[in-house]
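# Analysis of the macromolecular model
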Amino acid sequence: MSRNLLLISTSTTHGTEYLEHAEQEVRSLLEGKSSILFIPYARPGGISHNEYTAKVKDTFGKWGISVTGVHEYDDPVKAVNEAEAVFIGGGNTFVLLRNLYNNKLVKPLQERVAKGMPYMGTSAGTNVAGKTIGTTNDMPIVHVKTFDALELVPFNINPHYLDPIEGSTHMGETRETRIAEFHHHNRQPVIGLREGSMLRIKGDRIELLGPLSARVFLQSQKPMEFKPGDDIGFLMEAY
């Protein structure tokens, strides 16, 4: 597969504007492209598709990239098939995946990405790039017929990964505990992406970008930490 992916934990970090922390990486992904198709189905906070797309247009316009929302087309499949690149934004992963299936976009996205079309995701858009959405943090506010996602990579991702706060009296489950529960029933690796982190994937090569390390979970093994620049390409063939 000629993967050309940028999978970002979050669209906004503390003290930055929308996608500002990932500008260099986004520009690199879209080098030579003049347009991108935005899929606003995740609808963060329940905003409209038009409102969400307008926000994205404002940011990409500063970089000389034109944006159209997939909902603006009568035929969303044709829109994906003709797109120079695709961006799926964050919001609710269940809502997003349901709409991808309802609009018959899963297979076209898989086929275009396999041929090298640039794909970027933030948060929920990063979740759906994995094997399943079983490691999302979102509430299941709508029913989905399957957890099977785009499978652009053969592992799962947990965006917004949080470490336990030292001295906290919170008694709820940690992210690490939840991922361990996931691995009682599922075999694929999970990457915990902290805020500001992202994965740049070209073919079978994975590069961790951003200021922080990532936490990698393999079934029945102790979690591992990898720093930016470390080789984590083994995840493409972990199982």
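This is a predicted model, so every value here is computed, not measured.

## Looking at the overall build of the protein chain
A count of helical and extended segments in the protein chain gives seven helices and 11 strands. A compact globule built from 239 residues would reach a C-alpha radius of gyration of about 18 Å, and the protein chain, at 17 Å, matches this within 12%. Counting the 239 residues in the protein chain, one finds 51% classified as buried. Residue pairs in contact within the protein chain that sit at least 24 positions apart in sequence constitute 69% of those at least 6 positions apart. Carbon and sulfur atoms make up 48% of the accessible area of the protein chain, which totals about 11500 Å². With 25 positive and 28 negative side-chain charges, the protein chain shows a spacing of 4 Å between the two charge centroids.

## Quick word on the packing of aromatic side chains
Applying the stated criterion to the full structure yields seven aromatic pairs. Ring geometry for Phe-38 against Phe-87: centres 5.1 Å apart, planes inclined by 45°, an arrangement best described as tilted. Separated by 49 residues along the polypeptide, Phe-38 in strand β2 (residues 35-39) and Phe-87 in strand β4 (residues 86-88) bring together distant segments of the chain. Summarising the burial analysis for this pair, Phe-38 and Phe-87 share the class buried. The structure contains a cluster of three or more aromatic residues connected by ring pairs, namely Phe-38, Tyr-52, Phe-60, Trp-63 and Phe-87.

## So, the side chain of Ser-11
Tracing the sequence through the fold places Ser-11 in the loop between β1 (4-8) and α1 (23-29). Here Ser-11 falls in the buried class, since its relative accessible area comes to 17%. Those residues within four positions of Ser-11 in sequence are excluded, and the remaining contacts are Glu-17, Tyr-18, Leu-19, His-21 and Thr-122.

## A few points about helix α5 (residues 106-114)
Within α5, the full set of buried residues consists of Val-106, Pro-108, Leu-109, Arg-112 and Val-113. Angular distribution of buried residues about the axis of α5 spans 165°; they occupy a single face of the element. The elements touched by buried residues of α5 are β1, β2, α3 (76-82), β4, α4 (93-102) and β5 (119-122). One or two positions beyond α5, positive phi appears at Gly-116, with a value near 105°.

## So, the nonpolar core
Judged by nonpolar contacts, the single largest core of 48 residues is most densely connected at Ile-88, Leu-100, Tyr-119, Val-128, Phe-155 and Leu-199. Ranked by residues supplied to this core, first place goes to α4 with five residues. Dropping the residues within four chain positions of it, Phe-155 is found in contact with Gly-130, Lys-131, Gln-188, Pro-189, Ile-191, Leu-199, Ile-201, Ile-206, Leu-235 and Met-236. Ranked by size, the runner-up nonpolar core spans 21 residues in total, among them Ile-8, Val-26, Phe-60 and Leu-209.

## Digging into the sheet that holds strand β7 (residues 190-192)
Taken in spatial order, the four strands make up an open sheet running β6-β7-β10-β11, and their pairing is mixed. Because the sheet does not close on itself, it has two edges, and the strands there are β6 (156-158) and β11 (224-226). On average, adjacent strands in this sheet sit at an angle of 25° to one another, irrespective of strand direction. Two elements, strand β10 (residues 214-217) and β11, share three bridges in a ladder whose sense is antiparallel.

## Remarks on the pairing of β1
For β1, a buried count of five out of five residues is recorded, marking the element as mostly surrounded by other parts of the structure. Burial along β1 is two-sided: Asn-4, Leu-6 and Ile-8 facing one way and Leu-5 and Leu-7 facing the other are all buried. Note that β1 and strand β8 (residues 198-202) share five bridges and pair antiparallel. Considered in β8, the bridge of Leu-6 is made with Arg-200. With four bridges connecting them, β1 and β5 associate as parallel partners. Directly across from Leu-6, in β5, lies its bridge partner Met-120.

## Some details on unusual backbone geometry
Its identity as a non-glycine residue notwithstanding, Leu-19 has a phi of 65°, on the positive side. Inspection of the secondary structure puts Leu-19 in the loop between β1 and α1. Assessed through its relative accessible area of 0%, Leu-19 is described here as buried.

Calculation rules
- Residues numbered from 1 in each chain as written.
- Predicted model: local features only at pLDDT ≥ 70, side-chain atom pairs only at ≥ 80, totals over all residues.
- Heavy atoms only, no water.
- Helix = DSSP H or I, 4+ residues; strand = E, 2+ residues; numbered from the N terminus.
- Rg over C-alpha atoms; globule rule 2.2 N^0.38 Å.
- Buried < 20%, exposed > 50% of the residue type's maximum accessible area, 1.4 Å probe, protein only.
- Contact = heavy atoms within 4.5 Å.
- Areas by Shrake-Rupley, 256 points an atom, 1.4 Å probe, with all protein chains shown as cover.
- Lys, Arg positive; Asp, Glu negative; His and termini not counted.
- Charge placed at Lys NZ, Arg CZ, Asp CG, Glu CD.
- Phe/Tyr/Trp six-rings, centres within 6.5 Å; stacked < 30°, edge-to-face > 60°.
- Arc of directions from axis to C-beta.
- Core = buried A, V, L, I, M, F, W, Y, C linked by side-chain atoms within 4.5 Å.
- Pairing = 2+ DSSP bridges.
- Axes fitted to C-alpha atoms, helices over the stretch in contact; angles between N-to-C directions.

The values are spatial; any link to function lies outside them.
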